[in-house]
Amino acid sequence: MYTQAMDTGPKEERKAVRSVEEAELERRFDTRIDAGEFIEAKDWMPEHYRKTLVRQISQHAHSEIVGMLPEGNWISRAPTLKRKAILLAKVQDEAGHGLYLYAAAETLGTSRDQMLDALHTGKAKYSSIFNYPSLTWADMGVIGWLVDGAAIMNQVPLTRCSYAPYARAMVRVCREESFHQRQGFEALLTMMTKGTEAQRAMVQDAVNRWWWPSLMMFGPPDSESTHSEQSMRWGIKRIGNDELRQKFVDAAAEQAKVLGVSLPDPELKWNEARQHHDFGAIDWSEFWRVVGGDGPCNRERLAARVKAWEEGAWVREAALAHARKAVLKESAA
Amino acid sequence: MKPGLDMQSIRVSSDPAVQYLLRLGDTCLILAQRLGEWCGHAPVLEEDIALTNMALDLLGQARAVLTRAGEIETRGHDEDQLAFLRDERDYLNLTLVELPNGDFAFTVLRNFAMASLLRLLWEQLAASSDTELGAIAGKAVKEARYHRQHAADWVVRLGDGTEESARRMQDALHRLWLYVPEFFEADAVDEYAASSGLGPRWADLRDAWLAETTAVFDKAKLQLPPEPKFRSEGKRGRHSEHMGYILADLQYLQRAYPGGVW
Amino acid sequence: MSSTLTPNPSPSGRGEQSEWPLWEVFVRSKAGLDHKHCGSLHATDPTMAIQLARDVYTRRQEGTSIWVVRSDQIVASDPGEKAMYFDPMEDKIYRHPTFYELPKSVDHI
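This structure is a prediction, so every number in the text was calculated from the model and none was measured.

S.K.: Tell me what's going on with the overall build of chain B, and back it up with residues and numbers.
M.R.: A count of helical and extended segments in chain B gives nine helices and zero strands. Of the regular secondary structure in chain B, the N- to C-terminal order runs α-α-α-α-α-α-α-α-α. Taking 262 residues into account, the globule formula puts the C-alpha radius of gyration at 18 Å, and chain B, at 18 Å, falls close to it. For the C-alpha atoms alone, the extent of chain B along its principal axes is close to 55 × 40 × 35 Å. In chain B, which comprises 262 residues, the proportion classed as buried is 63%. Counting only contacts in chain B whose residues sit at least 6 apart along the sequence, the fraction spanning at least 24 positions is 81%. As presented, chain B carries roughly 9700 Å² of accessible surface, and 50% of it is formed by carbon and sulfur atoms. In chain B, 29 positive and 40 negative side-chain charges are present, and the distance between their average locations comes to 2 Å.

Quick look at the structure:
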C-alpha cells in the first residue's frame, strides 16, 4: 500500500576492516549502480546493502499487512454491496502486496517466518499511519485518497530501485495501487456532491483527522534522516522526503478543491514565487510518539497480528503434517 | 438508492418465486458477510487472499440474485434496499451461514458444505425457466466448483493432519451437522419452484450432496455424526440469536444516514 | 572467473521444519504466449500451490495457465560466471538478420 521512509532506525556502523578483495568487489558494485544496472538476487552485494534492503522491504511488507486492519474494520459495515465488494478487493490487494514484498525480501536470505517474528516481537517497524483509528465510513474514502495517494508517491520511484526483485514487486504493486486511490476519491466525491449534510460533515471530519498523519508518511525532514544518504547512493531511494512531501501537498490541495473539503492547515496557500504550496509546521513530537509505540492503536494493531498468527499455528502445522504424510504414502506405494 | 427515501424497513412480497430467490441470495450474502471477517486475520497470508476471493464471489452471487428477486417482486426494490433494509424475519438465509466463523476448521468445513450445496443448486438453476437466473447460475457454478475443491482439500488436510486439527475438525462436523437437515426441508416455496421450472426443490439435492460430502469426510478420516433431532429455521425467517448482531453491523450506516448516497 | 569471489548466502526456507516451503509461480496470460515468472508464495503441497497461485496472481484476469515449481528445485546459472557464459555471444552478430545489408527492393526478406 505504501512505504514510509523508514529512515528512523539507528545509524549502523560500517565495518571498518575490509580485505583488498572486498574493496574491489565493492568498487565494481558501485560502478554497476552508477551505470544504472539492476542487481539480482544472486549477484554479489555489500552486506550493508543487503541488510538495508531486508529492513526496508520487510518493513514495507509489514506495513501492507498491518494496513489491512483499519480498513478491514469497516468491511462488515460497508453502506452498499458495491462498496463492500470494493473494500474487500482493496484490502485483499494489500495482503497481496505484503506477499509480493515478503517474497522479494526472501531473495535476500531471510525467511517469511523470521520477518514475521521481527514484526510480532516489536523489533521491526511498519508505517505509523496505520496506528491511527478508522472511526467512520468516510475514513475509508480519505484513506484511499490521502494515504494511498502518499503511498503511490513513495512507491513509483521504487519501481526503479537498484535491487531488481524489489523493483519488479513494486511494478506489480503500483499497477494495482491506482485503483485504490481512485475508489477512495470517488467515494468521497459521491458523498460530497450527492450525499446528505450529515455525510458531508462525516467526510470533513475524516479529512481533519487524517491530513497531518498523511504528511508524516513521508518521514522526517531530509536534514534529519539518518539513512537517506547511503540509500540514495545505492539507488534504493531515489527522491528525498521533503521533495515527495511537497509534491503530495501540491496535488492534494488541488484535489481538495474538487471535493469541496477544506484542509486543516490555516497556513496552506499557494506561493507564486516558489510555484508550490506553502504549508504549516508538522508536529514532529506526535510523529515520534506514534513511531515509538504510543499512537492511538499501536498496541491493538500488533495484538491483532500476533493473535492471527498464534491462533493459526495449528492450521499451518496441520497442513505441513498432512503434506508429509502424503509424501510418505507416495514413496511407500 | 433514491435520496430522501424512507429508511424504515421495507416489506417484501410473499410471492413464492421471490421467497425462493431470497433464500438463495440471502444465504450467499450472509456467508459472504461472515467470510469477510477473516480478511486480515487468516492463519496464512495466501489463505487470507483465497478466503476473500470466495467472499467476493459469494457477494457477487448475492447481488445478482437479490437484484433479480427485486425485479420479479416488482415493488422497485434494488439489491441494496433488499440487503440493508429488511426486518430480521424477512431474511431467509440458512441458519448455518449466520453462525460465527469459529475456528479455521469450522470455517472451511462450512465452506465445503455450502459450496457443495450451492454447486448442485447452480447446476440445476442453469436450466431455470427464468432465463436471467439461468445466466446467473451459469457463471456462479464455476465459482462454486472452485470453492468446493479448495474447501474439500482443506477439510482433508485438517481432518488428516495433526491430532489437534483432527479433533477440531471432528468437533466442527458435530456442530455443522445440526444445521444440515434444514438444507433439505420441503415446503410450498420449493413446490412452487419445482412445478414452475424456476428451480429444484432443495430436498431433491440431498442424496447427491450426502454422497459427495461423505466421500470427503471419509478421506478426511472423520466420523459422521448421528442424525440430529435439532431443526434450524432460518429459511423461514426464524433465526438464531447471531442474526441480530450481523444485521446491526450490516444495516448500521443505511439506518443511521437516511437518504444517504454512497 | 576467480573462485575467490564469495558467493552470497542462498535464501533460507530449507531446514526450517515449521515453515511452509517456497514456490515460484509462472503464469501464461494468453494461449500462444510463454509462461512468465511473476513471483513466489508459500504452500505445503503442489495442489495448494496451484490454487493459491490462482488466488494471488490471477485476480485481474492475468492468466490462462499456471506452473508452480518449488524454489529449491530451480537450478540457476552462476552470476559469477556471467562473462564466460554470455559474453561470447556478443561478437557473433552474423546470427542477426540486421547484419546483412541488402538492396531496398529485397530488404524485406
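S.K.: Would you mind going over the pattern of salt bridges in detail, with residue names and values included?
M.R.: Applying the stated criterion across every chain yields a total of 51 salt bridges over all chains. For A:D30, the salt bridge identified is with A:R233, shortest N-O distance 3.8 Å. Taken together, the residues A:D30 in helix α1 (residues 20-34) and A:R233 in helix α8 (residues 228-233) connect sequence positions 203 residues apart. With a shortest N-O distance of 3.1 Å, B:E233 and B:R238 are connected by a salt bridge. On the basis of relative accessibility, which here comes to 31%, the residue B:E233 falls in the partly exposed class. Shared partners join several salt bridges into a network, and the residues in it are B:R23, B:E185, B:D187, B:D190, B:R231 and B:R236.

S.K.: Lay out helix α12 (residues 313-332) of chain A in plain terms, naming residues and giving numbers.
M.R.: Taking 1.5 Å of rise per residue, 20 residues should cover 28 Å, and α12(A) covers 29 Å from first to last C-alpha, within 8% of that figure. Of all the positions in α12(A), only A:W314, A:V315, A:R316, A:A318, A:A319, A:L320, A:A321, A:H322 and A:A323 are classed as buried. As for α12(A), its buried residues are in contact with α11 (298-311) of chain A, α4 (104-125), α5 (131-159) and α6 (163-177) of chain B together with α1 (46-57) of chain C.

S.K.: Can you tell me about the packing of α5(B) against α6(B), naming the residues and giving the values?
M.R.: Residues and elements named next belong to chain B. At a minimum axis separation of 7 Å, α5 and α6 run at an interaxial angle of 125°. Put simply, α5 runs oblique to α6. Here W154, V155, L158 and G159 of α5 lie close against α6, whose contacting residues are S165, A166 and M169. Along the lines of polarity and charge, the residues of the contact of α5 with α6 split into five nonpolar, two polar and no charged.

S.K.: Describe the interface of chain A and chain C, naming the residues involved and giving the relevant values.
M.R.: Taken together, the contacts link 29 residues of chain A with 28 residues of chain C. When chain A packs against chain C, the two sides together hide about 2500 Å² of surface, and 48% of this comes from carbon and sulfur. A per-residue breakdown of the area chain A buries against chain C is headed by A:K42, A:R172 and A:L320, which together make up 20% of the total. Applying the counting criterion to the chain A and chain C interface returns three salt bridges. Notably, a salt bridge pairs C:R60 with A:E176, separated by 3.7 Å at the nearest N-O pair.

S.K.: Please set out the environment of B:E163 residue by residue, giving values where relevant.
M.R.: Residues and elements named next belong to chain B. As for its placement among the helices and strands, E163 is situated in helix α6. E163 sits in the exposed class, given a relative accessible area of 75%. Between the C-alpha atom of E163 and that of S116, which follows or precedes it by 47 residues, the distance is 26 Å.

S.K.: Tell me about the environment of B:V12, residues and numbers included.
M.R.: Looking at where B:V12 falls in the secondary structure, it is placed in the segment before α1 (16-36). Those residues in contact with B:V12 that lie beyond four places of it in its chain are B:L22, B:E73, B:R75, B:L82, B:R86 and B:D90.

S.K.: Quick one: what's the story with a nonpolar patch on the surface, residue by residue and with numbers?
M.R.: Residues C:I93, C:Y94, C:F99 and C:Y100 make up a contiguous nonpolar surface patch of roughly 420 Å² in combined accessible area. By the secondary structure assignment, C:Y94 is in the segment after α2 (82-86).

S.K.: Help me get a handle on the interface of chain B and chain A, residues and values and all.
M.R.: Taken together, the contact pairs 47 residues of chain B with 49 residues of chain A. Across the chain B/chain A interface, buried area totals approximately 4000 Å², and carbon plus sulfur atoms make up 69% of it. Those elements that place two or more of their residues in the side of chain B that touches chain A are α1, α2 (45-73), α3 (79-84), α4, α5, α6 and α9 (242-256) of chain B. Looking at which element gives the most residues to the side of chain B that touches chain A, the answer is α2(B), with 11 residues. Here the side of chain B that touches chain A is built from residues that sort into 24 nonpolar, 12 polar and 11 charged.

S.K.: Quick one: what's the story with empty space enclosed by the protein, residue by residue and with numbers?
M.R.: Under the counting rule described, the total for this entry stands at eight cavities of 30 Å³ or more. Roughly 110 Å³ of volume is contained in the second largest cavity. If you trace the second largest cavity, you find it lined by A:I65, A:Y102, A:R112, A:L116, A:R305, A:W309, B:A42, B:P43, B:V44, B:L45 and B:D48. Among the secondary structure elements, those contributing two or more residues to the lining of the second largest cavity are α4 (112-120) and α11 of chain A together with α2 of chain B. Looking at the lining of the second largest cavity, its residues break down into eight nonpolar, no polar and three charged.

S.K.: An account of the nonpolar core is requested, with residue identities and associated values reported.
M.R.: Ranked by size, the top nonpolar core spans 196 residues in total, and within it A:Y49, A:W137, A:W145, A:Y163, B:W122, B:V155 and B:L158 carry the most contacts. If you tally residues by element for this core, the top one is α4(B), at 14 residues. Discounting chain neighbours no more than four positions away, the residues touching A:Y49 are A:F29, A:I33, A:I39, A:S162, A:Y163, A:W234 and A:I236.

Parameters at a glance
- Residues numbered from 1 in each chain as written.
- Chains lettered and ligands numbered in written order.
- Predicted model: local features only at pLDDT ≥ 70, side-chain atom pairs only at ≥ 80, totals over all residues.
- Heavy atoms only, no water.
- Helix = DSSP H or I, 4+ residues; strand = E, 2+ residues; numbered from the N terminus.
- Rg over C-alpha atoms; globule rule 2.2 N^0.38 Å.
- Buried < 20%, exposed > 50% of the residue type's maximum accessible area, 1.4 Å probe, protein only.
- Contact = heavy atoms within 4.5 Å.
- Areas by Shrake-Rupley, 256 points an atom, 1.4 Å probe, with all protein chains shown as cover.
- Lys, Arg positive; Asp, Glu negative; His and termini not counted.
- Charge placed at Lys NZ, Arg CZ, Asp CG, Glu CD.
- Salt bridge = Lys/Arg side-chain N within 4 Å of Asp/Glu carboxyl O.
- Expected span 1.5 Å × (residues − 1).
- Axes fitted to C-alpha atoms, helices over the stretch in contact; angles between N-to-C directions.
- Parallel < 35°, antiparallel > 145°, perpendicular 65-115°, else oblique.
- Nonpolar A, V, L, I, M, F, W, Y, C, P; charged D, E, K, R; others polar.
- Buried area = accessible area lost by both parts, 1.4 Å probe.
- Patch = residues over 30% accessible without salt bridge, like charges linked within 9 Å, V, L, I, M, F, W, Y side chains within 5 Å.
- 1 Å grid on protein atoms, 1.4 Å probe; cavity = no way out; pocket = protein on both sides within 12 Å on 5 of 7 lines; lining within 4 Å.
- Points joined across faces, edges and corners; volume = space filled by probe spheres on them.
- Core = buried A, V, L, I, M, F, W, Y, C linked by side-chain atoms within 4.5 Å.

Geometry only, nothing functional implied.
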